[in-house]
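One letter stands for each residue in the lines below.
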Amino acid sequence: GFRALDCDSVRHYVAARPPLQQRVGPPASVDSWTVREVGDGNINFVFIVEGPAGALCIKQALPYVRCVGESWPLTQDRVRIETEALAEEAAVCPEHVPAVYLYDKAMCLIAMRYLAPPFIILRRGLVAGATYPRLAGHLAAFLASSLFHTSAIKLNTTAFRQKQAQFANDEMCRLTEQVIFTEPYIKADNNHWTSPQLDADVAALQSDVAAKVAVSRLKAAFVGQPQALLHGDLHTGSIMVTAEETAVIDPEFAFYGPIAFDVAKILANLLLCYFSLDGHEAAAGAGSRQAQREWLLATLRDTWTGFVAAFTRLWDAHGGAGDLYPAALAGPAGGPVLAALQADFFAQLWGETVAFMGAFVIRRLVGIAHVADMDSIADADTRAACERRALHFGRRMLVEAAAGFTSIEALAEAAVAARSA
């Protein structure tokens, strides 16, 4: 049955399972193994077990939300979802996901590759001022591969519906619906923000009819538009990086939903970092983050354009076999019908992506879970100034969508203008 592990019992758990034990060290070395609990997320416990032969990562899901406690129960089936989502991702882009060594259903636990230093959580690297020249290409490849290959553009609709059922993730989806699409727009106990500086801005948001209409439209898409298997929580805290590698972790929110949701979440988190940089410069000196600022905008642009290009290449190569746009209807790659279908698809996707970006920016400023990019700005007035610019820009993206931002280039230019407004 299930029992919650701690640093001591994790050691014995690994030692009792030879396939795991062999990755850490011989049985006689068990007492010398080191175990650290490193989970800095809101939900799970994560242990790193190290010994003379190597290391591995143990992730265990407790039956509640870690950052709240037992008063907020949460399904442990999320561990199965995460394991099966990692398998789906590894099948199409193994270079960007950690290898899984063991799934223990009873213990609600996954053992997987330890992404050892110099791997770092992307958000930590960004807050420290780092840039990652290969990140945009890696994100574009991961998004295109994981989303295309699980969509009905590639699959027949029988397999597509079977996967929808396999990845039904009700409790995690309901959590998302609550904290992203509802609570930021109402008075809710979970909400918090830099107060009193942003009190008037939050009051305006919570009485904003257009924002409530726009976010409700997004919630309807989240609930009723299953297009592909989403990671479901693809922010800069769910990505580990080095100068050369990118690994996407923690797909426990995975479910079948709108493609724009995943794409928008990572772009919105890059944008939040962009708007935070003035606060970090206030402490470190004017211009100290200018190179990073320019890199973030380039990464924003290149992730979107690279994703569209990679997704289109996969569609050209494999789309005729799927049921959504069969070859008999769409014609060959390079032909006028397929080109028109793709143009229509990406135009709709862009508008949804912009609007979702707005919702993600807003929830990280006034909802339950914020980002270290902003929270690590020590001076409250300086932090609030950065957050206000981001909040107003997020509201524009949410409400105006493609009508206000016709392209990724236009959005990047508008972010520059918003920063200096």
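This text goes with the structure placed above it.
All values reported here derive from a predicted model rather than from experimental measurement.

Right, let's talk about the layout of surface pockets for a bit. Considered as a void within the structure, the second largest pocket measures approximately 230 Å³ in volume. Contributing to the lining of the second largest pocket are 14 residues, with N169, C173, V223, F255 and Y256 lying nearest its centre. Sorting the residues of the lining of the second largest pocket by element identifies α7 (170-181), α9 (209-224) and β12 (255-257) as the ones contributing at least two each. Counting residues per element, the lining of the second largest pocket draws most heavily on α7, which supplies 4 residues.

Relative to the assigned elements, T242 resides in the loop between β10 (239-241) and β11 (246-248). Residue classification places T242 among the buried residues on the basis of a relative accessible area of 13%. Sequence-wise, T242 and T131 are 111 residues apart; in three dimensions their C-alpha atoms are separated by 9.9 Å. If we skip the residues at most four places from it in the chain, T242 touches P118, F119 and Y132. Here the side chain of T242 touches E245 through a polar contact of 2.9 Å, landing on its backbone nitrogen.

This part is about the side chain of T299. For T299, the position within the fold is in helix α11 (residues 290-318). Those residues in contact with T299 that lie beyond four places of it in its chain are L135, A136 and L270.

What follows is about the pattern of salt bridges. One pass over the structure, following the stated rule, counts 19 salt bridges. The partner of E84 in a salt bridge is R80, with the nearest N and O atoms 2.8 Å apart. Taken together, the positions of E84 and R80, both in helix α3 (residues 78-92) and 4 residues apart, correspond to about one turn of that helix. Among the residues examined, E84 registers a relative accessible area of 25% and is labelled partly exposed.

Counted at 1.5 Å a residue, the expected span for α3 with its 15 residues is 21 Å, and the 21 Å between its end C-alpha atoms agrees. Among all positions in α3, only R78, V79, R80, I81, E82, T83, A85, L86, E88 and E89 are buried.

Sheet topology places strand β1 (residues 34-37) next to strand β2 (residues 45-51); 4 bridges connect them, and they run antiparallel. When the bridges of β2 are listed, E37 appears paired with F47. Taking the residues that link successive antiparallel strands as the turn, the β2-strand β3 (residues 54-60) hairpin has 2 residues.

The strand order across the open sheet built from 3 strands is β8-β10-β11, with neighbouring strands paired in antiparallel fashion. Looking at which strands have only one partner, the edges of the open sheet turn out to be β8 (120-121) and β11. Where β10 and β11 come together, 3 bridges link them in antiparallel fashion. Across the sheet, the residue bridging to I239 is V248, located in β11.

Another aspect to go through is the packing of α11 against helix α16 (residues 408-420). Running from N to C, α11 and α16 cross one another at 155 degrees; their axes reach a closest spacing of 9 Å. As judged from the angle between their axes, α11 and α16 are roughly antiparallel. In this structure, α11 meets α16 at a crossing whose hand is right-handed. In this structure, α11 contributes R293, L297, L300, R301, W304 and T305 to the contact, and α16 contributes I408, E409, L411, A412, A415, V416 and R419.

About the thresholds
- Residues numbered from 1 in each chain as written.
- Predicted model: local features only at pLDDT ≥ 70, side-chain atom pairs only at ≥ 80, totals over all residues.
- Heavy atoms only, no water.
- 1 Å grid on protein atoms, 1.4 Å probe; cavity = no way out; pocket = protein on both sides within 12 Å on 5 of 7 lines; lining within 4 Å.
- Points joined across faces, edges and corners; volume = space filled by probe spheres on them.
- Helix = DSSP H or I, 4+ residues; strand = E, 2+ residues; numbered from the N terminus.
- Buried < 20%, exposed > 50% of the residue type's maximum accessible area, 1.4 Å probe, protein only.
- Contact = heavy atoms within 4.5 Å.
- Polar contact = N/O pair within 3.5 Å; in protein donor to acceptor, adjacent residues only side chain to side chain.
- Salt bridge = Lys/Arg side-chain N within 4 Å of Asp/Glu carboxyl O.
- Expected span 1.5 Å × (residues − 1).
- Pairing = 2+ DSSP bridges.
- Axes fitted to C-alpha atoms, helices over the stretch in contact; angles between N-to-C directions.
- Parallel < 35°, antiparallel > 145°, perpendicular 65-115°, else oblique.
- Left-handed = near helix turned anticlockwise from the far one by under 90°.

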